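# Breakdown of the fold
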Amino acid sequence: MADANRPVTLAAIAGAHGVRGEVRLKLFGEGAEALRAFSVFDAGTSKLTLKSVRPANQGAVATFAEITDRSGAEALRGTVLTVPRSALPPLGEGEYYHHDLLGLPCVSTDGSAVGEVVAIDNFGAGDILEIAKPDGKRFMVPMNDKAVPEWGEQVVISRDFIE
């Protein structure tokens with residue numbers, strides 16, 4: 001199972017917005033609304049307390065209690081905002097967090113080693129796993145029951161989908 005303390009990146013501070021300490025965020029999750037589920041974010045060696053967040057062009061704009069002016073906001077440009085894996089909402093049957101699949105070993109349905117999950121993309125028709133083989137070559141597999149019948153400690157890939 002996933003390490004409960006492993007940090008999950010939800011956003012990064014892209015820069016200042018205005019003069020009152022608001023920051024522009026680059027989002028890595030489901031949008032600005034999803035950030036409201038968390039009150040405190042780990043920001044490197046410090047913590048930031050979320051006061052408000054709203055959607056904005058290509059991301060979000062947020063206010064944190066600890067940032068009170070533009071120079072404070074600019075100083076945090078590039079800071080990654082994380083929460084521990086244990087802070088994420090529980091998953092339903094058949095659901096997964098991308099974070100939990102990245103780095104997992106992959107095997108075929110006959111048990112032979114295939115490689116590991118190195119990326120997860122979604123071009124509009126569902127998630128696609130990118131698998132790196134031991135020889136460095138990569139291939140993609142749709143994340144559906146036919147191609148990936150099971151996952152957990154490892155990802156099992158149907159032989160029909162292995163290149």
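Check the entry above for the structure.
Just so we're clear, the structure is a prediction, and the values are computed from it rather than from any experiment. (Residues numbered from 1 in each chain as written. Predicted model: local features only at pLDDT ≥ 70, side-chain atom pairs only at ≥ 80, totals over all residues. Heavy atoms only, no water.)

With that settled, the discussion passes to the pairing of strand 1 (residues 7–17). As a general feature of sheets, a regular strand has side chains that alternate between the two faces. In this structure, strand 1 lies alongside strand 6 (residues 80–84), joined through five bridges in antiparallel fashion. Within the sheet, the bridge partner assigned to Thr 9 lies in strand 6 and is Thr 82. Where strand 1 lies against strand 2 (residues 22–27), six bridges are found, and the strand directions are antiparallel. Along strand 2, the bridge assignment pairs Ala 11 with Leu 27. Once strand 1 ends, the chain turns through four residues before running back antiparallel as strand 2, passing Gly 18 with a positive phi of about 80°. (Pairing = 2+ DSSP bridges. Helix = DSSP H or I, 4+ residues; strand = E, 2+ residues; numbered from the N terminus.)

What follows concerns the nonpolar core. The biggest cluster of nonpolar side chains holds 24 residues, and the ones touching the most others in it are Val 23, Leu 25, Phe 41, Phe 64 and Leu 81. When residues of this core are traced back to their parent elements, those giving at least two are strand 1, strand 2, helix 1 (32–35), strand 3 (40–43), strand 4 (46–56), strand 5 (59–64) and strand 6. Of the residues forming this core, the biggest block, five residues, is contributed by strand 1. Residues contacting Val 23, with those up to four places away along its chain left out, are Ile 13, Gly 15, Ala 16, His 17, Ala 60, Val 61, Ala 62, Phe 64, Ile 67 and Ala 73. Tyr 96, Phe 139, Val 141 and Ile 157 belong to the second largest nonpolar core, which has 16 residues in total. (Core = buried A, V, L, I, M, F, W, Y, C linked by side-chain atoms within 4.5 Å. Buried < 20%, exposed > 50% of the residue type's maximum accessible area, 1.4 Å probe, protein only. Contact = heavy atoms within 4.5 Å.)

This part takes up the packing of aromatic side chains. Inspection of every chain in the model, using the stated rule, returns three aromatic pairs. The interplanar angle of 80° and the centroid separation of 5.5 Å between the aromatic rings of Tyr 96 and Trp 151 together place this pair among those described as edge-to-face. With Tyr 96 in the loop between strand 6 and helix 3 (98–101) and Trp 151 in strand 11 (residues 150–151), this residue pair connects regions lying 55 residues apart in the sequence. According to the relative accessible area criterion, Trp 151 is partly exposed, its value standing at 29%. Members of the aromatic cluster, each reached through a chain of ring pairs, are Phe 38, Phe 41 and Phe 64. (Phe/Tyr/Trp six-rings, centres within 6.5 Å; stacked < 30°, edge-to-face > 60°.)

Take it as geometry only, folks, not as evidence of what the structure does.
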